[in-house]
Each structure stands twice: as C-alpha cells, then as structure tokens.
Amino acid sequence: MSATMRRLTSVPECLEGKGGSESFASFIERLAAHQLVPAPVTTLLAATGLIAEDRYDALPAGYGIDLTPQQRRDFATVCDLSLDEVDSMLMRQFDGVAFDLTGLDVADASSVRTVAHREWAGFAGSACCPACLQENGGAWLLRWKLWTSFVCMEHCVLLVDRCPRCERRTGSYRADQGNRPRFATHVPMPGRCANSLAVGAAGTGKAARPCGQDLTCLPAVDLSDAARLLQAQQDVNAVIKRGTGQVAGEQVPALVYFRHLRSLVALALHGARVEDLGELPGPVRNALEDYILRRDDIRYGEAGRKGTSLHPYKAPPGDVRVIAATLPWAVEVLRQPDQLALTEALRPMIERSREVRGSQIRRVGVDFHFDGALEMALSRILAFRAPLRHTVGHLAPAGTGAYRTFRPEHVPHLIWRDDYERDFRPLLAGSGVGETAVRVAISVALVMLTGQHSRKSAVPLLGLEGLHKGTSLPVVMMHLNSTQQVEAFQTALHALADRLEGPGPHRDYRVAQRQLVAFRVVDTATWLNLGEAAGVQVSDREAQRRNAAAWVWAEVLSSDPALSPAMRGSTPQERESLLKCYRDFLHLHQAALEPALLEVVADIKVHLETQHRRFHALPGEGALLDR
Ligand SMILES: [Zn+2]
Ligand SMILES: [Zn+2]
C-alpha cells in the first residue's frame, strides 16, 4: 500500500444477495457517493490504489474484469474487505464457468475487446432490475452483466436493459476504452443512468452531462406467470453455482453448457419462427416478432447476394426480451434426458435452418460452433441414411415435437389409389420409379411418421416383411428434392395422417392380410357365377381362378397382385411363370370382368369385417376364413 493511500472511513456494505454479488464498478460508484464528501470515481480509484494519479486516462483497461495482485491487495486493505469479497465483484470469477478469459490481459484494452467479443462476455453495459436497484441503494449485481441473465428471480420480472431517456444500453461502460466508466470525473449517482445523452442533447467536453434517468422507477415486465422463463433462468443460475450442467442427461462442465446455450440461441436467432420457441409472455413475443421481421427484411434484401451480413453467432442479441424468447428453448433442448431426445428436440430448428440455407445446411454446425451433444444431434439429423425423416418432417404440425398418433396397421401396402392419383402421382411424374414401388414408398413414409422408424423398421409394420423392401423411398425423396416438391409431398402425407387420426372406422389391413393368408384361388362356384354376371365365357381352370384371386386380394388389401399368396411360387422360375400368366389374364379379361370382380371384392370385405368382429366377440371360435 503506497504512502498516498489511506483506509476509507465510510465503506458501503458489499452486497451479497441470492442473485450473487455486486459488480465492481457499482461498488466503486457507491463507494464514491458514500464518502463524507462525495468524490468522483477517479478520486476513489486513486485513493484505493487502482490508478496512480487522479486522472481519467489513468483508469485500468480491464475495469471490473480483473485486478493485478497488487491492486487487489491494496483495494481490499483500503476498503477493509477480504480478498474473497473483492474477487466476488470481478468478472474474472465467471472465467471457466460462463466464459473463457484465456488471452485476456487487463492492462491491454485490445485484448479485453477481443476476448469480450469472442466470449459474449458482457464486459460493457449491464441489464438491471429496477426493484433491486431501488432496494439496494443503486447497487448493480455482477450477474446482470452475463448475457444469460434475463429474469430477476427475486422480483420475478424481466430485467431492463435499455434506458428510455438516452435509449442506450443500461450500465454502459465504454467498451472502446477498456470498459472505463463514463463521466468518471463526476461524482456518481447510484441508481441513475450514467450514459451520455444523445448527441446534441448532451453537450460536449466539460459541459457533457450524464443522462441521469432514475432507473429504480422504470417499469419491468411481470413474469410471475411465465413458469417456463423462470425455470430457464433458475436452471442457468444453478449451472453457474455448481460449475457443472446437465446436457442430454450427462454432466458437463459449466463452460461447455454455456457454449451449447450460445450455439442454440444463435441458431434460433438465425432461423426460428415465433411458433418454434414455445409459449411466451406478450411483450417477449412481440419483441421476438419484431426481431424476426427485421431479420427477414435484411435477409430478403440480401437475397441472391453472396454471403449475408446476418451472423447471429457473432454477438449476443442486444435485447433482453429476445434472450427471454430464445434462451428458455435452448435450456429445454439441453435438458432432454438423453441424446435421442435432444436430437428430436433440436430437429425442428434444424429444419427451419434448412429453409434458410438449403443445401448449405451442413455449414450450420461450423457457423454456430456445434460440438459434443449438439454436433452428434446435427449429424444424426443430417445423416444420409435418414433422407426421409428430415425431408418429410415426421413430426406433427405446429412444432409440438410429437409423432403422429395414427396406427400403422391402418396403412395399406400401397397407398390408396385415389389419394395417389390425386395428390402424389403429379409430384412423381418423371421419377423413373414404377407405380407399385412409389405407392409402397409413400406407405412406408406414412408409417414413419408414427415413431422413431427407419425404412427398415417400417416395412414389417406394413406387413411387407419378405414381400417388399420399400427401397424406392430414397429415390422418391431425391426426385422430390431435385424438383423442389418436398413441401407438397409433406402436405399430402400429413393430410393422410390427419385423416387417419380423424374419426374412424379405419380398416385394420394387417388383420385382413392374416385373414387372407390362404386365399390362393377363387372357388369354382364364385368364378362361374362371376363369368355369367359379366357375360363372359370362363373355363373352370385353376390358373384362371388363381389369377382372379390375386386381383381380388390386391383390391381388398390395397396391395399389388404380385405380393399375393396366389402368386407365390416355390421357385423364382415358377413365380415368374405365375406372373406372366397373370399379365395375360389381365390383358384378356380384366376389362370385361372388372365390375363383377369388384362385387366379389365388396363381398369379401364385408365377410372379413364380420368374421373379424365375430372372432373378437367369441374368441376360440376358430377359423378366420374358410377359403
Ligand atoms: Zn429484482
Ligand atoms: Zn439513460
């Protein structure tokens, strides 16, 4: 301690509340204002050993961030504080927790600026809670400087971060000059805005005056009903306190947790729509809508230009309300119990991002610094092996994050003909895939909306195991992508899902398939009657009755005759000859016989339903179908 310094006689109590401790700059302000003869900040800094002379330009560069060991000891002695108390007021205490100060030298203003920018470290300016300022004699909590602080848990209000008088960020220190306080040669007024007034209103040089707005009486948005937002802030505060956080059920260092939060918030700022971010209180929602409008304006203005000036990762949002809109979503993504759940929670936002970036979607991971669990989720979402899930959008509409709830057994092997003709065929003209393969692919895609299914696991749910592999689906999706019809396909697919989730009855195609498992030929009597009804001379050859059975089977089950039991030869050669015989039958007789065959189809459908109902009413009765 140098000879010029003396122990201060009047030291305000260093605040240490539930919200953490007071910021260093705030303590200095109050210290200056509390002296018997209130003094300017520079005088106080000289008296406490922080600057050698009582001159503005002698202020330390990393003001409020850290002190040299000598400054720290002197300051503690003069103010009669413990070293721990001094440390608790410095941003350095969040090093390795909320940010990483590697490379920061408090004596070098440019290193301070670089690190602040890199880490979203919030050295300059601060949000505040007016009620807290009021209750604590104008003391500012250190934590309000962190970008992740948006709620006062004490008063359940949204923090305020803009002064209505000067329209600048509150608690502003000059980031361009190592975060030195403005008006350091004035006697500070705790609880009042110390920003400069707008140019013109403020005066310059020695005539310049601070804004002076009373911050303790500013209105703040009440969040006592916003449980999501309170919970998110509580989660974040707990991570700071513990020094560790949970991501997808795994414990990670706080620093990793905060990096993930930052990646997610930046991603949301980049692509989110209002409905993607969960329930929000009115003023927060309005601010988000404004943000999105401005963002999209810029984006459309720059459409077609290479690159964009929009890069949300580079700086934290300059509006606490926008943090309040995005951070809870980010916290909820990280809070998912396992990797799979985290992936699903992230998926809709990645899809949003895809709307913006198209084929550049993979850059998202680099631009938003995804690593660990987020990187894993992203690569799963973008995996080539799952072309359907991310292009079809397997989730229920409106981003509820839920799978569709209809039953896979209500989906036939081949998507219903009428729907196919009307909604899908036009999209798939020129895909080079045959009708049966396309219709199977659509059925597979539909089943995949009901859960965490791959094409492989969807095929058995459709009763197609051993019959069809649905391998055309990726080709279909590629065609839709290249013709930019994915959205139309999604819409048509989800319309089917809506119908299946609507009022029934819906046919159970798997039960019907089991009932018809032995249906290889139409019986002679039916066949002869059918020929008579159609006015066609038919012979009682088994081959003809088998062909008729294949046709009827496919109609009843909305399937393909080639998949029917009637066409299942014991060798590939036999099967091939059965199919050839069937094609000849179609060529010769289909037109004439179709009306009569359709009546048989209708009869069988009724018969199956009745059998099915009876079977379920009287278990043990036995046979399903006696054909
Ligand atoms: Zn408060
Ligand atoms: Zn102001």
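Worth saying up front: this structure is predicted, and the values here are computed from it rather than measured.

Asker: Mind showing me how you'd approach the overall build of the protein chain here?
Answerer: Along its length, the protein chain carries 23 helices and eight strands. Buried residues in the protein chain amount to 53% of all 627 residues. Restricting the contact set of the protein chain to residue pairs at least 6 apart, pairs at least 24 apart contribute 68%. A total accessible area of about 29,200 Å² is found for the protein chain, and carbon and sulfur atoms account for 53% of it.

Asker: Where do I start with the nonpolar core in this structure?
Answerer: In terms of nonpolar packing, the biggest core is built from 95 residues, with F123, F150, L261, W329, L346 and I350 touching the most fellow members. Summarising the domain contributions, this core has at least three residues from each of domain 1 (16-217) and domain 2 (243-382). Among all residues touching W329, those that are not within four sequence positions of it are R228, L264, L267, A268, D276, L277, A345, L346 and M349. Residues A445, L496, L516 and L578 belong to the second largest nonpolar core, which totals 68 residues.

Asker: Whenever I open this one, the coordination of the zinc ion (ligand 2) confuses me. Can you help?
Answerer: Metal coordination angles in their ideal form are 109.5 degrees for the four-donor tetrahedron and 90 or 180 degrees for the six-donor octahedron. At the metal site, the zinc ion (ligand 2) is ligated by C163 (SG), C166 (SG), C193 (SG) and C211 (SG), and these contacts range over 2.2 to 2.4 Å. One can describe the site at the zinc ion (ligand 2) as tetrahedral: its four donor atoms subtend angles covering 102 to 118° at the metal. Between consecutive donors of the zinc ion (ligand 2), the numbers of intervening residues give the motif C-x2-C-x26-C-x17-C. Residue classification places C163 among the buried residues on the basis of a relative accessible area of 1%. Classification of C166 as buried rests on a relative accessible area of 6%.

Asker: How should the pairing of strand 8 (residues 250-253) be read in this particular structure?
Answerer: Regular strands place their side chains on alternate faces of the sheet. Judged from the four bridges that link them, strand 7 (residues 244-247) and strand 8 form a sheet pairing that is antiparallel. Residue V247 lies in a different strand from strand 8, and its bridge partner there is E250. The turn linking strand 7 back onto strand 8 is made up of two residues, and A248 within it adopts a positive phi angle of 50°.

What counts and how
- Residues numbered from 1 in each chain as written.
- Chains lettered and ligands numbered in written order.
- Predicted model: local features only at pLDDT ≥ 70, side-chain atom pairs only at ≥ 80, totals over all residues.
- Heavy atoms only, no water.
- Helix = DSSP H or I, 4+ residues; strand = E, 2+ residues; numbered from the N terminus.
- Buried < 20%, exposed > 50% of the residue type's maximum accessible area, 1.4 Å probe, protein only.
- Contact = heavy atoms within 4.5 Å.
- Areas by Shrake-Rupley, 256 points an atom, 1.4 Å probe, with all protein chains shown as cover.
- Core = buried A, V, L, I, M, F, W, Y, C linked by side-chain atoms within 4.5 Å.
- Domains from an automatic or database assignment.
- Donors = N, O, S within 2.8 Å, 3.2 Å for Na, K, Ca; no water.
- Tetrahedral: all angles 85-135°; square planar, octahedral: opposite > 155°, others 65-115°.
- Pairing = 2+ DSSP bridges.

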